[in-house]
Amino acid sequence: MDKKIFLIWFVILFSLTGCAVNPVTGKNELALVSESSEISIGSKQYLPSRQMQGGDYNTAPQVVAYVKRVGQKLAAVSDRQLPYEFNVINDSTPNAWALPGGKIVINRGLLVELESEAELAAVLGHEIVHAAARHGAKGMERGMMLQGAVLVAGIASQNSEYSGLVVGAAGVGTQLITHKYSRDAEREADLYGMRYMSRAGYDPRAAINLQQTFVRLSEGGDSNWLNGLFASHPPSQERVDANRITAVNLPQGGDLGRDRYRQAIAPLLRDQEAYKAFDAGRKALRDGDIDRALRFANNALKMQPREALFHSLRGDVRMKQQRYRDSIINYDRALQHNRDYFHYYLQRGLARLKLHETAQGEADLKKSIEFLPTAPAMNALGHLSLGGGDIAGAKKYFAAAAGSNSEAGKEASNSLIRLDLSDNPHKYLPVRLGRDRSNYLLVQINNKTRQTVTDVSFIVRFRDAQGEVRKVQLQLSAPLAPQQSRTLATGIGPFADLKNVQGQVVQARVVE
């Protein structure tokens, strides 16, 4: 029966989509995700995916403009016209990724590792192919085939300390950007990316040098690279050799643009030490060394006072010190330099709530979730709604936050259960039915929450020997601990089978 249902579902899905010619490879392929869906998904996930990895780099806008020019130059010669976009993420991890529909980024940390504009073209051309050849869409299709058209969200991005806080639909992006491409997809991206480089006037041999560098770094076990580009784009000598063969069959020569590249990214090169200090400060703060984190933040600010991240690090230190007024000053300064990053609004909102500046704190939290919905923001907004008597609103916020396994998510889950369990006990206390050796009914009640519950009542509905529907209400005699279950002998029966028996918890309350 399961196979039959799967085949029916597959035929329906196939009839709605069917085969299509891949615009890059020219091969006939099954296309379950339409182009409009690719573009829609990429567009919706582009902002939250950038936000959870550090936000957009904006300290030197000319660097971003340069990357966009190179990207659009390559996009213009690609085999598939999409609404391509290019951005630079403000993160030191060397990485680049593409979302379906042509939404592409490169991290600040990878830009400083490249040697020429041609190498930049190799990276961006490779990502363009992943979008143009539907590699991301194919990954989504595999997920659909395996999971009944449901995209599973919430897979943590490997180089983002904020990804574990993300809730709701924004979590889908973490799956798409951490997806590990197949060897065939990587070979295609190398091959056609080099062709795009050549069409755009670049020397495709730069892709060989780039892959050689990546292989050397991967063999060295550099964790920064392993957690970045290599996690989803593993390098290999096989790819280097394939690139050499590709280069032989392409027009020789072309632009390298070494001097032009170094001049274009000069602001990043100049600020490298400042970002190293910032990264060390973030690590120190995560490790609980607050004084050391503050020293690194101050050093970074001395070298580059216009970087919003550096002001924010000082604000985060002040938050840990419970100096909330000082932290707000630092977040204000961060927002003076960058008004488009969720973290500054989130942290300033939480600080304002600590100072009982409720209206301003709520406004900041709501602004933060416009950029990235997070468990801390949703949890705090849930408590504000609860304090204002808006129970339905509180439930909505707590339910959203509960999708995260973070501390804020766990707290929100507990708050939601306290509010909702008495109204909907069956959602949290599922029932399983069974029979004893004499075929009398057994009922197992499972407490899936982190709360002890009591006054648990459940109803059993069944047909008796005369075919009459009967309803019996029973009650647990003692509280049920978190994540525990209890099985009761009901004395109801005997039953030949349980097809016409139903059970459901109808009453319970949380032990305060």
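Fair warning: this is a prediction, and the values are worked out from it, not measured in the lab.

Caption draft 1: Highlighting the overall build of the protein. Counting its regular elements, the protein contains 24 helices and 11 strands. Evaluated residue by residue, the protein yields a buried proportion of 51% over its 512 residues. Taking as baseline every contact in the protein between residues at least 6 positions apart, the subset at least 24 positions apart corresponds to 66%. Accessible surface computed for the protein: about 23600 Å², of which carbon and sulfur atoms make up 50%.

Caption draft 2: Structural view of the sheet that holds strand E4 (residues 96-99). Taken in spatial order, the three strands of this open sheet run E3-E5-E4, and their pairing is mixed. The open sheet has two edge strands, strand E3 (85-89) and E4, and neither has a second partner. Adjacent strand axes in the sheet meet at a mean angle of 20 degrees, parallel and antiparallel pairs treated alike. Bridge count between E4 and strand E5 (residues 103-107): four bridges; the pairing is antiparallel. The residue of E5 that forms the bridge with Leu-99 is Lys-103. Across the sheet, helix H2 (residues 35-51) touches E3, E4 and E5, and the angle it forms with E4 is around 150 degrees.

Caption draft 3: Inspection of the confidence of the model for the protein at higher detail. Averaged over all residues, the pLDDT of the protein is 87; the fraction at 70 or higher stands at 85%. Long-range and interchain partners of residues 1-17, a stretch whose pLDDT sits below 50, account for 14 contacts in this model, where long-range means more than four residues apart. Contacts of residues 144-159 to residues separated by more than four positions or lying in other chains number 41 contacts, the stretch itself having pLDDT below 50.

Caption draft 4: Structural detail: helix H3 (residues 61-75). With 15 residues, H3 extends 21 Å from end C-alpha to end C-alpha; this agrees with the ideal 21 Å at 1.5 Å per step. Of the positions making up H3, those classed as buried are Val-63, Val-64, Tyr-66, Val-67, Val-70, Gly-71, Leu-74 and Ala-75.

Caption draft 5: Fine view of the sheet that holds strand E9 (residues 469-475). Reading across from one edge, E9-E8-E11 is the order of the three strands in this open sheet, with antiparallel pairing throughout. Where the open sheet ends on each side, the last strands, each with one partner, are E9 and strand E11 (502-510). Within this sheet the neighbouring strands show an average axis-to-axis angle of 15 degrees, counted without direction.

Caption draft 6: Inspection of helix H23 (residues 407-420) at higher detail. Over its 14 residues, H23 extends 20 Å from the first C-alpha to the last, a length consistent with the 20 Å expected when each residue adds 1.5 Å. Across the 14 residues that make up H23, a large majority, 10, are buried. The set of residues buried in H23 consists of Ala-408, Gly-409, Ala-412, Ser-413, Asn-414, Ser-415, Leu-416, Ile-417, Leu-419 and Asp-420. Those residues of H23 hidden inside the fold are in contact with helix H21 (375-387), helix H22 (391-401), helix H24 (425-428) and E11.

Caption draft 7: View of the packing of aromatic side chains. By the definition in use, this model includes eight aromatic pairs. A ring pair is formed by Tyr-341 and Phe-342, whose centres lie 5.2 Å apart and whose planes are at 80 degrees; its orientation type is edge-to-face. Accessibility classification places Tyr-341 together with Phe-342 in one group, the buried group. Ring centres of Tyr-341 and Tyr-344 lie 5.1 Å apart, and the angle between their planes is 80 degrees; this geometry places the pair in the edge-to-face category. The exposure class of Tyr-344 is buried, given its relative accessible area of 1%. Ring pairs connect the aromatic residues Tyr-275, Phe-278 and Phe-310, which therefore count as one cluster. Between the NZ or CZ atom of Arg-108 and the centre of the ring of Tyr-275, over which it lies, the distance is 3.7 Å.

Caption draft 8: Broad picture of the environment of Ala-200. As for its placement among the helices and strands, Ala-200 is situated in the loop between helix H8 (183-199) and helix H9 (206-220). Distance in space between the C-alpha atoms of Ala-200 and Leu-74 is 6.0 Å, their sequence separation being 126 residues. Residues within four places of Ala-200 in sequence aside, it is in contact with Lys-73, Leu-74 and Val-77.

Caption draft 9: Geometry of the environment of Glu-127. Examined against the element boundaries, Glu-127 turns out to sit in helix H5 (residues 117-132). The sequence separation of Glu-127 and Ala-189 amounts to 62 residues, and the corresponding C-alpha distance is 7.1 Å.

Caption draft 10: View of the packing of H21 against H23. In the contact formed by H21 and H23, the axes pass within 8 Å of each other and the chain directions differ by 30 degrees. Considering their axes alone, H21 and H23 lie roughly parallel with respect to each other. Pair H21 / H23 crosses with left-handed handedness. Across from Ala-375, Pro-376, Asn-379, His-383 and Leu-386 in H21, the residues of H23 making contact are Ala-408, Gly-409, Glu-411, Ala-412, Ser-415 and Leu-419. When the residues that make up the contact of H21 with H23 are grouped by side-chain class, the tally is six nonpolar, four polar and one charged.

Rules used throughout
- Residues numbered from 1 in each chain as written.
- Predicted model: local features only at pLDDT ≥ 70, side-chain atom pairs only at ≥ 80, totals over all residues.
- Heavy atoms only, no water.
- Helix = DSSP H or I, 4+ residues; strand = E, 2+ residues; numbered from the N terminus.
- Buried < 20%, exposed > 50% of the residue type's maximum accessible area, 1.4 Å probe, protein only.
- Contact = heavy atoms within 4.5 Å.
- Areas by Shrake-Rupley, 256 points an atom, 1.4 Å probe, with all protein chains shown as cover.
- Pairing = 2+ DSSP bridges.
- Axes fitted to C-alpha atoms, helices over the stretch in contact; angles between N-to-C directions.
- pLDDT = per-residue confidence, 0-100.
- Expected span 1.5 Å × (residues − 1).
- Phe/Tyr/Trp six-rings, centres within 6.5 Å; stacked < 30°, edge-to-face > 60°.
- Lys NZ or Arg CZ within 6 Å of the ring centre and 35° of its normal.
- Parallel < 35°, antiparallel > 145°, perpendicular 65-115°, else oblique.
- Left-handed = near helix turned anticlockwise from the far one by under 90°.
- Nonpolar A, V, L, I, M, F, W, Y, C, P; charged D, E, K, R; others polar.

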